[in-house]
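Examination of the molecular architecture
What follows is the residue order along each chain.
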Amino acid sequence: MDVNAAVAAVAAIAGVLTGVIAMLAFRWSEREQKRPTRTSLHTDPVLPPGVDTVLSVLRSSAVVLDEADAVVKASSAAYALGLVRGGKLAVEPMLQMARDTRRDGEIRQVELDLPRRGTGRGEALAVSARVAPLGSRLVLLLVEDLTEARRIEAVRRDFVANVSHELKTPVGALSLLSEAVMDASDDPEAVERFAGRMQIEATRLTSLVQELIDLSRVQNDDPLEDAEPVRVDELVAEAIDRCRHQAGTKQINMAAGGTADLRVWGNRGQLAAALGNLVENAVNYSPARTRVGIAARRVNASGGEHIEIAVTDQGIGISDKDKERIFERFYRVDPARSRATGGTGLGLAIVKHVAASHGGEVSVWSAENQGSTFTLRLPEAGAVRDRAHQQPARDERAGGAGLDEEAGRSTPTSPDSTAYETLPAPEVLP
């Protein structure tokens, strides 16, 4: 009897001890879960309420640092710019600014040029960094990418300088020639000679002003507001007629061909100006007694069927270093030749803007002393595209070597050039 009572007492005591131990273990586990860890110190809850939401909508790259210079919060743009690496701020000048602001609470701002990651050309990344205290422990760093803004500002400065220079030349010439006319008032032959030069300079000035107006218009206007189906044959004929006098003077034959009855969708005036500029350049930069070919064809593209219009010449060609810049405003491959032919350096810039505003593009293949092929690609008009699925355009054959004997030469085969078949030329200048 006494033995049974002792066993029961021992069992009761063991049960109580087990319960106490279990309760203590549970309490200890809860305490460990609530204890802040090294990683939990740098998560979002340490930010003041609402700061995370505000930072997520800012255009600037945002980085929040704690008192140990560890990154508490960083936007995706900050990682993209390479500001944060391995949980640390990787830009030493910004880190020093953050430490100074944490020490005295003063807001600081500075512009820096940082090396751009992932490029082997040493390009600099222009940024504006602003540091401000965020509460008593944190520091907020906001970084604005100024690279594109600086590039646009440089383009604007260059444009103003180039316009001033280009306008100064004919205006100065007109001033000098007018003085020469006054001084030679008693010499009819001299007056006639100087007056002829004045007409040339006035024409050049007029062309420059008109092209500046055209460039401004194609940059600011939406050409598709007045868009309509435009026949490619009519654009080609207008471009040939525009250059008829220059080509005849140099005995340059102009041949048109390719697929007939094509239409593009866009503003007729702008498209005519763009193609006219390409043909005019081909004539101006071609030697005498050569040929200029204009051919059009339909091509399949990812965004639907497009029309390609290629202008091929036998001119001086373009070097590889110049190909990247020929569509810049006022850039000339051969400045002396451009001035002799009255070129303004704006023609290809206008072509580029017209192509882009119409949902197309312009490309160039060229080799020095072998000529050039400029290809203008534009979306085809919808009605013509629908008919094309039912009745393939005649005289369009696969492959080919470009403009045939009728156009005078073949387009060289290259990754940037496009082969065109040529219909009998509607007009060849003698």
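What you see is a predicted model; the values in this text were computed from it and never measured.

Each value, and the rule that gives it
- Residues numbered from 1 in each chain as written.
- Predicted model: local features only at pLDDT ≥ 70, side-chain atom pairs only at ≥ 80, totals over all residues.
- Heavy atoms only, no water.
- Buried < 20%, exposed > 50% of the residue type's maximum accessible area, 1.4 Å probe, protein only.
- Helix = DSSP H or I, 4+ residues; strand = E, 2+ residues; numbered from the N terminus.
- Axes fitted to C-alpha atoms, helices over the stretch in contact; angles between N-to-C directions.
- Parallel < 35°, antiparallel > 145°, perpendicular 65-115°, else oblique.
- Left-handed = near helix turned anticlockwise from the far one by under 90°.
- Contact = heavy atoms within 4.5 Å.
- Nonpolar A, V, L, I, M, F, W, Y, C, P; charged D, E, K, R; others polar.
- Pairing = 2+ DSSP bridges.
- pLDDT = per-residue confidence, 0-100.
- Core = buried A, V, L, I, M, F, W, Y, C linked by side-chain atoms within 4.5 Å.
- Polar contact = N/O pair within 3.5 Å; in protein donor to acceptor, adjacent residues only side chain to side chain.
- Salt bridge = Lys/Arg side-chain N within 4 Å of Asp/Glu carboxyl O.

Section: helix α12 (residues 347-357)
Of all the residues in α12, the buried ones are Gly347, Leu348, Ala349, Ile350, Val351, Val354 and Ala355. Just past α12, the residue glycine 359 takes up positive phi, approximately 75 degrees.

A short note on the packing of helix α7 (residues 232-242) against helix α9 (residues 268-284)
Running from N to C, α7 and α9 cross one another at 50 degrees; their axes reach a closest spacing of 9 Å. One element, α7, and the other, α9, form an angle in the oblique class. Our pair here, α7 against α9, has a crossing hand that is right-handed. Within the contact between the two elements, α7 uses Glu234, Leu235, Val236, Glu238, Ala239 and Arg242 and α9 uses Arg268, Leu271, Ala272, Ala273, Leu275, Gly276, Asn277, Val279 and Glu280. In terms of residue class, the contact of α7 with α9 is built from 8 nonpolar, 2 polar and 5 charged.

Section: the sheet that holds strand β14 (residues 371-379)
What the 5 strands build is an open sheet, ordered β9-β11-β12-β14-β13; its pairing is mixed. A strand with exactly one partner marks an edge of an open sheet, and here the two such strands are β9 (253-258) and β13 (361-367). Mean inter-strand twist for the sheet, computed between neighbouring axes without regard to direction, equals 20 degrees. As paired strands, strand β12 (residues 304-312) and β14 are joined by 7 bridges and run antiparallel to one another. Bridging across to β14, threonine 312 finds its partner in threonine 373.

Brief notes about the pairing of β14
Counting buried positions along β14 yields 7 of 9 residues, so the element is predominantly enclosed. Looking at chain direction, β13 and β14 are connected through 7 bridges and run antiparallel. Within β14, the residue paired with serine 366 across the bridge is serine 372. Linking β13 back to β14 in an antiparallel pair, the connection comprises 3 residues, with asparagine 369 at a positive phi of about 65 degrees.

Regarding the confidence of the model for the chain
Considering every residue of the chain, the mean pLDDT works out to 76; 73% of them sit at 70 or more. Note on residues 36-45: pLDDT under 50 across the span, and 10 contacts to partners over four residues away in sequence or across chains.

Description of the nonpolar core
If you look at the biggest cluster of nonpolar residues, it comprises 47 residues, and the most contacted ones within it are Val232, Met254, Val264, Leu275, Val279, Val311 and Phe374. Take this core: its biggest share by element is 8 residues, from α9. Not counting chain neighbours up to four residues away, the residues in contact with valine 232 comprise Leu262, Arg263, Val264, Ala296, Ile307 and Ile309.

Observations concerning the side chain of serine 128
Here serine 128 shows up in strand β6 (residues 124-134). At a separation of 3.2 Å, a polar atom in the side chain of serine 128 contacts the side chain of glutamine 109. In this structure serine 128 touches Gln109, Val110, Glu111, Leu142, Val143, Glu144 and Leu146, once residues within four positions along its chain are discounted.

What about the pairing of β6?
When you tally the buried positions in β6, you get 8 out of 11 residues, the bulk of the element. Here strand β5 (residues 108-115) runs beside β6; their pairing, made up of 8 bridges, is antiparallel. By the bridge assignment, leucine 112 is partnered in β6 with valine 127. Relative to strand β7 (residues 138-145), β6 runs antiparallel, the two sharing 8 bridges. Bridge pairing in β7 links serine 128 to glutamate 144. Between β6 and β7, which pair antiparallel and follow one another directly, the connecting turn spans 3 residues, one of which, glycine 135, has a positive phi of 75 degrees.

Focus on the packing of α9 against α12
Running from N to C, α9 and α12 point in directions that differ by 140 degrees, and their axes come no closer than 9 Å. Classified by the angle their axes make, α9 and α12 are oblique. In this structure, the crossing between α9 and α12 has a hand that is left-handed. Where α9 abuts α12, its residues Gln270, Leu271, Ala274, Asn277, Leu278 and Asn281 lie against Gly347, Leu348, Ile350, Val351, Val354 and Ser357. Split into classes, the residues belonging to the contact of α9 with α12 amount to 7 nonpolar, 5 polar and no charged.

Section: the pattern of salt bridges
In the structure shown here, the tally under the stated rule is 23 salt bridges. One salt bridge in this structure joins arginine 151 and glutamate 148, with 2.7 Å as the shortest N-O distance. Here arginine 151 pairs with glutamate 148, and both are found in helix α5 (residues 147-183), just 3 residues apart, close to one helical turn. A residue is classified by how much of its surface remains accessible, and glutamate 148, at 43% relative accessible area, is partly exposed. A salt bridge links arginine 231 to aspartate 233, with the shortest nitrogen-to-oxygen separation between them at 3.4 Å. On the accessibility criterion, aspartate 233 (33% relative accessible area) is partly exposed. Within this structure, Arg231, Asp233, Glu234, Glu238, Asp261, Arg263 and Arg268 form a network of salt bridges that share partners.

Looking at the sheet that holds strand β1 (residues 61-65)
Pairing within the open sheet is antiparallel, and its 5 strands lie in the order β2-β1-β7-β6-β5. Of all strands in the sheet, those bounded by a partner on one side alone are β2 (71-74) and β5. Along the sheet, successive strands turn relative to each other by an average axial angle of 25 degrees, direction set aside. Sheet strands touched by helix α4 (residues 92-104): β1, β5, β6 and β7. Its angle to β5, the strand with the most contacts, is close to 165 degrees. Along the sheet face, α5 touches β5, β6 and β7 and points at about 130 degrees away from the line of β6.

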